[in-house]
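# Residue-level structural notes
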Amino acid sequence: MRKMYRYLLIAVLALCLSIPALAAEAATIALVPLINNVQGDEIANQLFYKSAIGAINAQQDYTIVDNDQITAIIEANKNGNKVPSEAALKKIVSEGKVDIVIAVQLDELHDDPVFPSGERYVKLTLRGKAVAYNGITGKYYQHQIFSDTEIDETLTSRWDWVHEEWERAVRREINRILQVKKVMVDAPKMSKL
């Protein structure tokens, strides 16, 4: 009889511990298509989706919503070649029944040689804007995307450095919007000799 009560107690305890996990639901995200103001750069659009979706899917608590209804609501709230306003983002959240909406605008993306310089350096020019509205917390996010990194030109000859930096900027903005914190691992301490 005692064993039966133990098994019953274990079953009830397991059920009680699993109920909060069943109740937790992932936050839904609507991703507005990239507002690309850089003429002739279609690779930036593809890399935007790749980086943004990858950064969102790397988090366990978020799910991307993409259907005809969301697409129609986003199209109805477009702001030309600029990111939607805060009011438009709120409207997308309420009408689309999503928790978060994210929009990114790209204005400049290119590299130029740095003159005068004793070495051959190139300078990246990356300008844009990221906005988001979180319907759960009611917070509006706005941030300027900016980079003017310089690098030795010989290091850029084997890969598309400009678009790699664009991907990095997109991931960084998505992580800022989702408030992802990096976990810092302490390096092993070396003993003194």
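Since we're looking at a predicted model, the values are computed, not measured.

## Description of the overall build of the protein
Looking only at helices and strands, the protein features 5 helices and 7 strands. When the elements of the protein are put in sequence order from the N terminus, they spell out α-β-β-α-β-α-α-β-β-β-β-α. Classification of the 193 residues of the protein by burial places 34% in the buried group. When the accessible surface of the protein is totalled, it reaches about 13200 Å², and 55% of it is carbon and sulfur.

## Overview of the pattern of salt bridges
With the rule as written, the count across this model stands at 7 salt bridges. The partner of E86 in a salt bridge is K90, and the shortest N-O contact between them spans 3.7 Å. Placement of both E86 and K90 in helix α4 (residues 86-96) is noted, with a separation of 4 residues, approximately one turn of the helix. A single salt-bridge network, built from bridges that share partners, covers E164, E165 and R168.

## Details of the pairing of strand β5 (residues 121-134)
The buried fraction of β5 amounts to 10 of the 14 residues, a majority that puts the element mostly inside the structure. Sheet analysis places strand β4 (residues 100-113) next to β5, joined by 13 bridges and oriented antiparallel. Its bridge partner being in β5, I100 is matched across the sheet by N134. As paired elements, β5 and strand β7 (residues 150-152) share 3 bridges and run antiparallel to each other.

## Concerning the environment of E164
Within the fold, E164 resides in helix α5 (residues 161-177). Residue class for E164 comes out partly exposed when judged on its relative accessible area of 31%. In this structure, the C-alpha to C-alpha distance between E164 and L47, residues 117 residues apart in sequence, is 8.6 Å.

## Let's talk about the side chain of E167
Relative to the assigned elements, E167 resides in helix α5. Assessed through its relative accessible area of 13%, E167 is described here as buried. Sequence-distant contacts of E167, that is, excluding residues within four places in its chain, are made with L47, K50 and S51.

## Thoughts on the environment of A55
Checked against the element boundaries, A55 lands in helix α2 (residues 43-57). Residues A55 and I174, spaced 119 residues apart in sequence, show a C-alpha to C-alpha distance of 6.6 Å. The residues contacting A55, other than those within four sequence positions of it, are R171, I174 and N175.

Each value, and the rule that gives it
- Residues numbered from 1 in each chain as written.
- Predicted model: local features only at pLDDT ≥ 70, side-chain atom pairs only at ≥ 80, totals over all residues.
- Heavy atoms only, no water.
- Helix = DSSP H or I, 4+ residues; strand = E, 2+ residues; numbered from the N terminus.
- Buried < 20%, exposed > 50% of the residue type's maximum accessible area, 1.4 Å probe, protein only.
- Areas by Shrake-Rupley, 256 points an atom, 1.4 Å probe, with all protein chains shown as cover.
- Salt bridge = Lys/Arg side-chain N within 4 Å of Asp/Glu carboxyl O.
- Pairing = 2+ DSSP bridges.
- Contact = heavy atoms within 4.5 Å.

These figures capture arrangement, not role.
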